[in-house]
Amino acid sequence: MDVLVLLCQDLGHHGLHPQTLARFVEEEGARAVVVPGLCPRPHQIQREARGAGALVVATCHQWQAEGAIERHARAAGISPLALQVIPLARICQGDADPMGKAQAALAGALARAHAFPGWRPENLRPALPPRSPRVSRRAFLSLPSLVYRPVPTVHRGLCAAERGCRHCVSQCPHEALLEEGGTIHLRREACTSCGLCVTACPHQALQMPGWSPPEVAAQMAALLERRGGRGLAFICPQSPPPGGPWLAVNVPCAAAVPLAAMLIPLSRGAPAVAIVHCGALCRSGRRSQVEEKVGFCQTLLEALGLGKGRVFLAEASDEGLHLPSPAGPAAVTTPRPGLPLPALAGAGADAAAVMGLSHSQDVSLLHAGSPLGMVQIDPQTCTVCGTCAGACPTSAIRYTEEEARVSLTFDPQICIACGQCLEVCPERARGAIALRRGVDTARLRRGPETVTQDQLVLCRRCQGPVASQKMVERVIAMLGPHVSAQRLAELCSQCRGLPF
Amino acid sequence: MKRWARLARLRQGMYRLLALSFLPSADDRWGQMMAGARYLRQGDSIARPLPFYSQWRLFSQALLRAQPQEVSSHYLRLFEPGGPVPLWETAYVAIDPLSQGEVLADITQAYLRAGLRPSSQGPDHLSAELEFMSFLCGSEATAWEEGEVTSLRRQLKRQSRFLDRHLCLWLPHLVRRLETAHSLSLFLQGARAAWALACHDRDMAHLLDMELAQATGG
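Since the structure is predicted, the reported quantities are computational estimates derived from the model, not experimental observations.

Caption draft 1: Looking closely at the overall build of chain A. A count of helical and extended segments in chain A gives 17 helices and 21 strands. By principal-axis analysis of the C-alpha atoms, chain A measures approximately 90 × 55 × 40 Å. For chain A, with 500 residues in total, the buried portion stands at 55%. Here the analysis covers contacts within chain A between residues at least 6 apart in sequence; of these, 73% occur between residues at least 24 apart. In the structure as shown, chain A presents an accessible area of about 21300 Å², 50% of it carried by carbon and sulfur atoms. Separation of charge centres in chain A, based on 48 positive and 38 negative side chains, amounts to 4 Å.

Right under this line is the structure:
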């Protein structure tokens, strides 16, 4: 990917050195051009950026007219998904080492651009800028400046909808995702590009180039390498970037920040993490979900003795974004430099982040905001039918038949607390299965455990499996005394119809 | 409304040129295509900030560089019956005769509703579908020019429905097939440009229709 960085020469008026930054960018493996008067004359982008695969524009301040840079970049053939705009002078204000912060921000943007996976025409949707007045007949006299929103696409090869997974459908706040005949469909007009489905999907089947978890992880890793005592603030496109000792990580929506992204920076030396909510402009409208997730994070940090204030929720307003100084307790750990960042999304990512932070410390807590779950199976009432295992989208519950035994195993590391196992359990009313939202680090470290097992009744004719002993007994108990228990347990479903 | 009309006329020309490029080569048509490509290039500044434009430019460059004999031989290798890349929608989206019939009926219905009589030679051929889109864009341009909101909304609805149910559904498969069949750049870029244009127009037509509905209280 050919990455180009355009730097406004006027950055020099704000205590930054554009030529030094350009040299830094070239050392990082990208092209850099210092453009005189880029901020007042953004049309220069059309000439300078032609032929680039991805573009980073470092400006003095945030653009007033939404879409101005994007429009010129599009005219140069740059996809809006491959464009990043950093108001460099603005974000470096109030920082003790503005050049250090500018270099960190550029390194993050470059890492993100290098991780850009490419895009498909379906990944873009035209929209009118949200702050523009409604289009009237008169307004149609001129062509309004369209902006383009990212739209996720479903990778059919990775999607587990055919196996019953509906996690993305349940996570979408706008009912933009529908399941039909084992396939997930997107109602493009209902999608607000919040990206909740993208981070929620345990198989990473939902892909939104420009905002994918690997791109966010690449940016985070680069920022953490050059953090220099600064905290990480997750901001959405509606939020102003943070000034002072904070580095911005760009996410589609605060609600789409996974637990792993909140915890990994702490285990990699960042002193604090801020999740910035954009208020009334929120694309997902799921503030309560962010509050719950941050609340869980804080409870976990407190239980680990690391101080709950290291992760907090902040609110952006019209006046801007003011974050408290992340200075305070020292970093949780001193990581080895160059260590690759673990995955942010997908089954197991959150559990790995919890284990990475807790080391060998044991913590067990329940919290409604936990994205991790612990399935409880009651061996007395569970008939080991395996229906729950069939419905589990991540295979956290597994059903195995071995010799003459059946068993259910549960792996808390990959449980996403979706609750689909509860919905299908035929013995749920009798308390056979329960889901507790929370985390037990000792159990996480132990990994998969057998939660129940039983003898397998074998077919008298073909020696194939009939059912578990408990299931046979349960069915007999339900059918009453008129059915011969022996006859029911004798033959499997295939042999039952054949003349004996 | 002049600029919207201009954009619609440009899209009309783009669809038409794309439709022609997926027809068997003929000497007189080749000349028309070259003239059309040059003409569209002169007036395409309005489309430059739109994201499909970069793909369109690649197609237009490939067309202006192409040699008629080479195009003709590749066309025969790729698209003639039995070739690796069928140009019919039903070859990609319909797996049995019943669903093929449903797809063909839906396409025919769309043509008839727009006042067109489908030819007997495959209404689901890529060129036919692109030519139909060209016709709808032409009607949209006329509606913009005349300020006919009712007619305009009808045309926009027709476009977004047809693109959503047909071209946007099977063009990705066609592009993938062309990529694996070592296609001539002209055809591959043409299919990619058609895909990008179709995806863009589907959403834009829907957006404009919604905005017009709000503006007119309809």
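Caption draft 2: Seen up close, the pattern of salt bridges. Counted under the stated rule, the structure contains 27 salt bridges over all chains. Measuring nitrogen to oxygen at the nearest pair gives 2.5 Å for the salt bridge that ties Asp 203 of chain B to Arg 188 of chain A. Taken together, the positions of Asp 203 of chain B in helix 9 (residues 185-216) and Arg 188 of chain A in the loop between strand 9 (183-186) and helix 7 (196-200) put the pair across two chains. Like Arg 188 of chain A, Asp 203 of chain B is buried. Two residues, Glu 490 of chain A and Arg 460 of chain A, come together in a salt bridge whose shortest N-O distance is 3.0 Å. Of this pair, Glu 490 of chain A sits in helix 16 (residues 485-490) while Arg 460 of chain A sits in the loop between strand 20 (449-458) and strand 21 (465-468), placing them 30 residues apart in sequence. Overlapping salt bridges, with partners in common, bring together Arg 188 of chain A together with Asp 164, Arg 202 and Asp 203 of chain B in one network.

Caption draft 3: Up close: the interface of chain A and chain B. Contact residues are listed per partner, giving 27 residues for chain A and 29 residues for chain B. Taking both partners together, chain A and chain B bury about 2500 Å²; carbon and sulfur atoms supply 65% of that area. Taken together, chain A and chain B are joined by one salt bridge. Inspection of the chain A/chain B interface yields three residue pairs in polar contact (both at pLDDT 80 or more).

Caption draft 4: How the structure looks around the state of the cysteines. All names here are of chain A. Evaluated as defined, the whole model comprises zero disulfides over all chains. Take Cys 60: it sits in no disulfide, and the sulfur closest to it among the cysteines is that of Cys 39, at 3.7 Å. We note that Cys 236 lacks a disulfide partner, and the nearest cysteine sulfur, in Cys 278, lies 3.7 Å from it. With a relative accessible area of 4%, Cys 236 lands in the buried category.

Caption draft 5: Fine view of the sheet that holds strand 15 (residues 364-366) of chain A. Residue and element names in this part refer to chain A. Pairing within the open sheet is antiparallel, and its three strands lie in the order 15-19-16. The sheet is open, and its two borders are formed by strand 15 and strand 16 (373-377), each paired with just one other strand. Taken pair by pair, the neighbouring strands of this sheet meet at an average axis angle of 50°, ignoring direction. In terms of strand pairing, strand 15 meets strand 19 (residues 433-440) through three bridges, oriented antiparallel.

Caption draft 6: Fine view of helix 3 (residues 53-65) of chain B. Residues and elements named next belong to chain B. Here helix 3 contains 13 residues, and its C-alpha end-to-end distance of 18 Å stays within 8% of the 18 Å for a straight helix at 1.5 Å per residue. Every buried residue of helix 3 is listed here: Tyr 53, Gln 55, Trp 56, Phe 59, Ser 60, Ala 62 and Leu 63. Check the buried side of helix 3 and you find it contacts helix 1 (2-21), helix 2 (27-42) and helix 9.

Caption draft 7: A look at the side chain of Gln 219 of chain A. Mapped onto the secondary structure, Gln 219 of chain A falls in helix 8 (residues 213-225). For Gln 219 of chain A, the contacting residues outside a window of four places in its chain are Gly 108, Ala 111, Arg 112, Ala 248, Val 249 and Asn 250 of chain A.

Caption draft 8: Region of interest: the packing of aromatic side chains. Residue and element names in this part refer to chain B. With the rule as written, the count across this model stands at twelve aromatic pairs over all chains. Look at Phe 79 and Phe 187: their rings are 4.9 Å apart centre to centre, the planes differ by 80°, and that puts the pair in the edge-to-face class. Highlighted residues: Phe 79 in helix 4 (residues 68-79) and Phe 187 in helix 9, separated in sequence by 108 residues. The rings of Phe 22, Tyr 75, Phe 79 and Phe 187 are connected pair by pair, giving a single aromatic cluster.

Cut-offs applied
- Residues numbered from 1 in each chain as written.
- Chains lettered and ligands numbered in written order.
- Predicted model: local features only at pLDDT ≥ 70, side-chain atom pairs only at ≥ 80, totals over all residues.
- Heavy atoms only, no water.
- Helix = DSSP H or I, 4+ residues; strand = E, 2+ residues; numbered from the N terminus.
- Buried < 20%, exposed > 50% of the residue type's maximum accessible area, 1.4 Å probe, protein only.
- Contact = heavy atoms within 4.5 Å.
- Areas by Shrake-Rupley, 256 points an atom, 1.4 Å probe, with all protein chains shown as cover.
- Lys, Arg positive; Asp, Glu negative; His and termini not counted.
- Charge placed at Lys NZ, Arg CZ, Asp CG, Glu CD.
- Salt bridge = Lys/Arg side-chain N within 4 Å of Asp/Glu carboxyl O.
- Buried area = accessible area lost by both parts, 1.4 Å probe.
- Polar contact = N/O pair within 3.5 Å; in protein donor to acceptor, adjacent residues only side chain to side chain.
- Disulfide = S-S within 2.5 Å.
- Pairing = 2+ DSSP bridges.
- Axes fitted to C-alpha atoms, helices over the stretch in contact; angles between N-to-C directions.
- Expected span 1.5 Å × (residues − 1).
- Phe/Tyr/Trp six-rings, centres within 6.5 Å; stacked < 30°, edge-to-face > 60°.

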